[in-house]
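# Coordinate inspection notes
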Amino acid sequence: MRTSTEISKIIKKAIDNAQSKNILSNIDIPEIIIEKPKVESFGNWSSSISLSLSKQMKKPPMLISELIKDNIDKNEIIEKVEIVKPGFLNFYLKKEFKNKLIERIIKEKNNFGSNNLGQRKKIQVEFVSVNPTGPVHVGHARGAVVGSCLSNILEFCGFEVTKEYYINDAGTQIELFVRSILHHIYSSFNLEYDAPEKGYVGSHLENTANEIISLLKITANDSRLEDQESIFNLVRKSALDITINNIKKDLIDLGVNYDKWFYESSLFDTKTTDKAMEILKKNDLIYELDGATWFKSSKFHTEQDVVIKRSNDGGHTYFFTDLAYHLDKFLIRKFDKVINIFGADHHSHVDRLKSALSALEIDQNKLNILLIQIVHFKNQEKVEKFSKRSGNIYSIRDLLDTVGTDSIRFNFLNRSVDSQQEFDLELSVKESSENPVYYAQYAHARLCSILDSVDFDYLEGNLDLLDTEYEKKLIDDLDFFSEVVVNSFHKLQTQNLTKYAIDIAKDLQKFYENCRVLSDDLELSKARIKLVLSCKIVLNNLFELLNVKAPERM
């Protein structure tokens, strides 16, 4: 139960009451939005519904607010209502309701803040999905962390979530990668093998080649080297296995776990690509030009048509296999909703995918595409750019070894995905209040320390004794947690969660400075310990969503 939802219902009933008395116009009521007031002295919750109704009802907002206030039924939530110009309704909660909130948190524990908005609908979140040609570049770390956190939020909101990584194992980049490895293998034995143009170089490639030599027991006189096509297939499998296993390990250490690793090649094995082509042909959406096959995407959301099969038997394009992949998502596995998380450089792919869905007669509203903006890594005022093909790799593993999982995750989740981000490497390793994740985790550890020191039963403590402004502020914070979760779901954003963690940590610090938790007043101590326990439960639930550790000691 969210407090904002309950207040919204109370307002709606008050409007109905006023309409039945013919003192408010009988019009359809828009969504009643309940928010936290920007000024703390303006109550616990606020609504601007009167301003929304003013034009249609042809009454001043202040008058509408008065009529709503006068027609609110007796309830267990609202203590009083104040009206503030130009017509805001500000609500103050009853003490009994706040007490029940604390009791509910203690009872529900790790379920507090969850909801059933998803109603067990199937939702797929696809993220990272980079070519398996080397370690995952730091440029993809932000998308990985955001994707995993959003998946946690969706599960907490009652969705059946599948976290998926799409492995591009059927494209030209894989062929370049394997041929680059083969060049190194042959060169190791002073044998000739043409280095591919724009091939891969660097220590990762060399290490992979050496690992394959050892794994396959390749020697200078190995007869398998005489058949370059056969050795290509053998090395290809080993190279993919090695690289994908390393990618999995790095992502797991980043706190990112997938439910499914989907291979692009399976789209050809299962004839899904054929099904996609049949649909396009049936709907007269393809044509041949200059030896290539084109998709009439300009009939939908793009200015120009898109090549789906290259000329001179150059194979299918990345876009076409992605089109087939979305056929698999929606029409074969029947996900109710799909979220794709791409890098900002994929912006042109958005309209193409929308065109693909239209061609496949799939509701576009079922697909959300998030574009993750660029991260600039700052280290002693120096910002560097890195390239996988040039061999100058700065990988997720490098970042993990430098910073650590919790700090990486909290930092990436602390900004809107729509904004570019500067990641301060020096700040992120500081063990001080300057580092936001350290500050938030320390708040949790201190709560645990207090609870560990308690040697008396406190669960029957009288919560009416919690009456200082610092205790009230913490209770308001706890009440707001469910709302933060829902807002994060609706907006598909994470920064409100990290902001909440920092805000409640600050309010806990003020509480400690002004309210002695354990004192000679046993009954007051019991009440405050219950408040401390509630804060610990909520912070722990929050850290679960962020997939950041909730330490008991620091």
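Quick note: structure is the one above.
These notes cover the structure that comes with them. (Residues numbered from 1 in each chain as written. Predicted model: local features only at pLDDT ≥ 70, side-chain atom pairs only at ≥ 80, totals over all residues. Heavy atoms only, no water.)

## A closer look at the sheet that holds strand β9 (residues 292-295)
With antiparallel pairing, the 3 strands of this open sheet are ordered in space as β8-β9-β10. Two strands lie at the open edges of the sheet, namely β8 (286-289) and β10 (306-309), each paired on one side alone. Across the sheet, the mean angle separating the axes of adjacent strands is 45° when strand polarity is ignored. Where helix α10 (residues 272-282) meets the sheet, it contacts β8, β9 and β10, and its direction lies at approximately 90° from that of β8. (Pairing = 2+ DSSP bridges. Helix = DSSP H or I, 4+ residues; strand = E, 2+ residues; numbered from the N terminus. Axes fitted to C-alpha atoms, helices over the stretch in contact; angles between N-to-C directions. Contact = heavy atoms within 4.5 Å.)

## A look at unusual backbone geometry
Here the residue pair Lys85 and Pro86 is connected by a cis peptide bond, since its omega of 5° sits within 30 degrees of zero. Note that Pro86 resides in the loop between β3 (78-84) and β4 (88-93). Notably, Asp290 is not glycine yet its phi reads approximately 55°, a positive angle. Along the chain, Asp290 falls in the loop between β8 and β9. Phi is positive for Leu492, close to 50°, though the residue is something other than glycine. For Leu492, the position within the fold is in the loop between α17 (469-491) and α18 (495-514).

## As for the sheet that holds strand β5 (residues 122-127)
Spatially, 5 strands are ordered β7-β6-β5-β11-β12 in an open sheet, and the strand pairing comes out parallel. A single partner strand is all that each edge strand has here, and the edge strands are β7 (260-263) and β12 (367-372). Taken over all neighbouring pairs, the strand axes of this sheet differ in orientation by 25° on average, direction set aside. Bridging between β5 and strand β11 (residues 337-343) involves 5 bridges; their strand directions are parallel.

## Digging into the packing of helix α16 (residues 436-452) against helix α19 (residues 522-546)
Their axes nearest at 9 Å, the elements α16 and α19 cross at an angle of 140°. The orientation of α16 relative to α19 falls into the category oblique. Helix-helix and strand crossings are classified by hand; for α16 and α19 the assignment is left-handed. Side by side, α16 and α19 meet where Ala440, Gln441, Ala443, His444, Leu447, Cys448, Ile450 and Leu451 of the first sit next to Ile529, Val532, Leu533, Cys535, Lys536, Leu539, Asn540 and Phe543 of the second. (Parallel < 35°, antiparallel > 145°, perpendicular 65-115°, else oblique. Left-handed = near helix turned anticlockwise from the far one by under 90°.)

## Here's the deal with the packing of aromatic side chains
If you walk through the whole model with that rule in mind, you get 21 aromatic pairs. Relative to Phe489, the ring of Phe159 lies with its centre 5.4 Å away and its plane at 50°, an arrangement referred to as tilted. One end of the pair, Phe159, is in the loop between α5 (141-156) and β6 (160-167); the other, Phe489, is in helix α17, with 330 residues separating them in the sequence. Judged by its relative accessible area of 16%, Phe489 is buried. Among the aromatic residues, ring-to-ring pairing joins Phe127, Tyr165, Tyr258 and Trp261 into one connected group. Over the aromatic face of Trp45 sits the side chain of Lys36, whose NZ or CZ is 4.4 Å from the ring centroid. (Phe/Tyr/Trp six-rings, centres within 6.5 Å; stacked < 30°, edge-to-face > 60°. Buried < 20%, exposed > 50% of the residue type's maximum accessible area, 1.4 Å probe, protein only. Lys NZ or Arg CZ within 6 Å of the ring centre and 35° of its normal.)

## Details of the pairing of β11
Of all 7 residues in β11, 5 are buried; the element is thus mostly enclosed. Here β11 pairs with β12 via 6 bridges, running parallel. Its bridge partner being in β12, Val338 is matched across the sheet by Leu367. Following the backbone out of β11, through helix α12 (residues 347-359) and into the adjacent parallel β12, one traces a crossover that is right-handed. (Right-handed = clockwise from strand over helix to strand, strands pointing away.)

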